[in-house]
Amino acid sequence: MQLLTKLGAVSLIAGLGACVTTAGALDLRGSDTLESLTMSVISACGVGDTISYVGGEAAFGERAMGSPGDRSPVQQIAPMSRFLRQRACNVANGGINTAGSQDLAEGLGHSIDALTIVQARREGEPGPVTSSTAALDVDFDGVVDGNFALSNCSVAEADPATTYPGFGYGTQDGLCCDIDGDGQCKEGCPDINGDGMVDGSDEPSRWACRQRQNAQQECLGLAFTNELEVHPDPAPAGVPLACRNDSDCTDPDGDGIVDNYDSFCSRRIHDEALADAGLESPRACAKRRFFTVKDRNGASADGDGVAGHPDIECPGCEDLNGDGRELQYELADEFDGLRVLFGGLHRDGTADCNSDVRNTLADEWASATRRSCASGRCESLNHIWRQSDESQATDTFVTLTGIDSFCNGDSFEDNDPIRRPCLGTGAHTGERVDHFTGDQVCREDGTLGLLLPVVVPADPPVPRRFAYEDNACRSAADGNAAWPSGVAEFPADTTVCPDGLAPVVGATGALLGKPTCWVPTASANRYCLADRDDTNPAVAMGSYDGRAYNRYLWDRTTGLLRTDALGRHIVGAYYRVHTNAVAVNTRPNSGAGDADQRCRRADSDQQIGCLTQADPCSLGFSRPSGAEVGGTTNLKVKNVRPSVANIQNLVIEGVPAHRVYPLARVSWLNTMKGFENVDNVTFGAEERTLAECFADARLVKAAARNTGHVPLPGNRVLCNDFSEDRRCDGEPANVDACANNPAPFPNTDTPLFN
């Protein structure tokens, strides 16, 4: 098949998405997270007649290639979201590899799966740079003046042809390019003072760009990890080159004291941190990141007695400032804050979603981070958003952060012990008003959890026009007694309806034998988006919040609960929380039909991006497309911006740690028998042909771009040898499996991931 035809097929299958299936002789097992990319390659490769991708998880694909004792291998290759583990060792050395030898195990790294942490962008703050960006107010003085305009090279770097949707940054961190060709990045900044050098005496200089360019985007990186402040050479006035004592450090919050509210130096971690970053001592400061924990969960004497503080539930805390009065929580690594917020997992291994650590971080977000994450508008976090248990983004998130579970429960649950009062009433001021404030999904008690799942149902099985039902349940002139009366199906385990009454078994039609409850409707068979006061006339007004009905999604013709692609009832439709209302109108000068702030997106990634700007006191994780929504921005993680270049640095040897974006991982096509031994005969399927297509850099790069992955840099795929000397029992001598590969497979080992 010609390459042009293959690439066209990649685009076609990416467009068809979930509608495309393959039906072949081999049910290929591997990671669910690689389903769309693998199906794209299968289609472009023309092997759909013999290979059907069934996914499962990485462990299933790994097991299917070996002989675990109860059966023989059933496939030769496996698309996996991680590289091979000990199962690739032979039986004698603790593995299941009898299909070949542990010496032959290897993998092709073909793309990168990356996540971004998205949050609302404040008015006046720059977001992701685009080719249409004319200028930025870099110093946040409220004026876009000539000194802070984007240079021509910065605009060129924002060309979509050379960057990736959702990021929009150039080849380095931020607005960065080599203006004068001397090989050093100048952040796209001009020589303001005209001395012939772009240095610390210019505004914005390289250092000033780092510090001022987008303080909100720096939030997660500067507050959530032990990290470096990289100093320029020469340094701006007042900034030391050496950083060996606390007194050498800067005072970021400007209160005149280098204290626990600042990210200050620590000799304890200084040398190790610099070495990890590949920097010499005079070039950077290593810092400790921590915040003071307060008694925020309302319980008395509930703590663990750390340092004589019985009322503070503070796992992993210490009296870091030595005053005997306060406890501080030091963030262990770049993911520690995310583990606490999303999973309640603390640095000492304690899992507690209602700890004072988690409550303090959420309730005192602005002061705990001491950055402009929320200052001036959001002192606390109202919500954090996450995707379904089955999504690729969630799999990447839990794998990289190491959390075991989410504080809300499963994909449709709201069990977070930290509660937030539902905003506003959700009331329409007319039949179809597109712009008003409040939450539109709630629990019966008038609260929502801090962490909420955002699971937008696929179209199909739920047509988009029904996934975001926005008809008002009644007009403003209707009285309580005049509301239309309706019933609808509720889950089989329902014992109490939202109105507090017991469910009734349906007697006729589609509802026959189903548990049913009273629900507000716009007509006898027209379901709607309820507000707080849309409640059952048979119970006392105000006894529960009518927005509880919006957690459920019903078929408007039958009253039956709609199901998702996995056949589960949609009973946690929190994705509808801002269907046509916002938490805070952050764009007061915009018209009522501001489509950017309303959230009716086609997938969970973009819906989370939308929700962060509809509720600007919130954040969430998403694939790159989440940051493409207007009004959002990507936060740095470990002080690294999620530019394409920084993500791709993950696979480039020798790149210092402070240039590698950490919320990313390589995706693999693995084999236990060596690619030279994979054939189209063993299992009656074209596995060799498919493997060769994964080795086709142009084909797999097109598939990666079309399915939301970040392609590898250049026109290449990676070969990674399985290191049996490190992974297998007995520490056998290592043999480089990559060296045996014939064309078109790469035959040079890239030992970054062993």
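Residues numbered from 1 in each chain as written. Predicted model: local features only at pLDDT ≥ 70, side-chain atom pairs only at ≥ 80, totals over all residues. Heavy atoms only, no water.

A.B. asks: So, the overall build of the protein chain: which residues are in play, and what are the values?
C.D. replies: When its secondary structure is counted, the protein chain shows 17 helices and 25 strands. Considering the protein chain as a whole, with its 754 residues, one finds that 57% of them fall into the buried category. Taking as baseline every contact in the protein chain between residues at least 6 positions apart, the subset at least 24 positions apart corresponds to 67%. Carbon and sulfur atoms form 49% of the exposed surface of the protein chain, whose accessible area is close to 28200 Å². (Helix = DSSP H or I, 4+ residues; strand = E, 2+ residues; numbered from the N terminus. Buried < 20%, exposed > 50% of the residue type's maximum accessible area, 1.4 Å probe, protein only. Contact = heavy atoms within 4.5 Å. Areas by Shrake-Rupley, 256 points an atom, 1.4 Å probe, with all protein chains shown as cover.)

A.B. asks: Go over the pairing of strand β5 (residues 116–120) with me, naming the residues and quoting the values.
C.D. replies: With five of five residues buried, β5 is to be regarded as a mostly interior element. Here β5 shows no split at all, with T116, V118 and A120 on one side and I117 and Q119 on the other all buried. Pairing between β5 and strand β21 (residues 618–622): four bridges, direction antiparallel. Each bridged residue has a counterpart across the sheet, and for V118 the counterpart in β21 is G620. (Pairing = 2+ DSSP bridges.)

A.B. asks: Let's hear about the sheet that holds strand β22 (residues 632–635): which residues, and what values?
C.D. replies: One key point about sheets: their strands pair by backbone hydrogen bonds, in either a parallel or an antiparallel sense. Taken together, the five strands give an open sheet; going across it, the order is β15-β11-β21-β5-β22, and neighbouring strands pair in mixed fashion. The two strands at the open ends of the sheet, each matched to only one other strand, are β15 (451–453) and β22. The mean angle between the axes of side-by-side strands here comes to 30°, regardless of whether they run parallel or antiparallel. Along the sheet, helix α8 (residues 336–343) makes contact with β5, β11 (383–386), β15 and β21, crossing β11 at roughly 95°. Across the sheet, helix α13 (residues 604–614) lies against β5, β11, β21 and β22, angled at about 165° from β21, the strand it touches most. (Axes fitted to C-alpha atoms, helices over the stretch in contact; angles between N-to-C directions.)

A.B. asks: Can you tell me about the confidence of the model for the protein chain, naming the residues and giving the values?
C.D. replies: When pLDDT is averaged across the protein chain, the result is 75; 66% of the residues are at 70 or more. This stretch, residues 281–286, has a pLDDT under 50; its non-local contacts, to residues over four places away or in other chains, come to 34 contacts. Note on residues 588–594: pLDDT is under 50 here. Beyond four places in sequence and across chains, it has seven contacts. (pLDDT = per-residue confidence, 0-100.)

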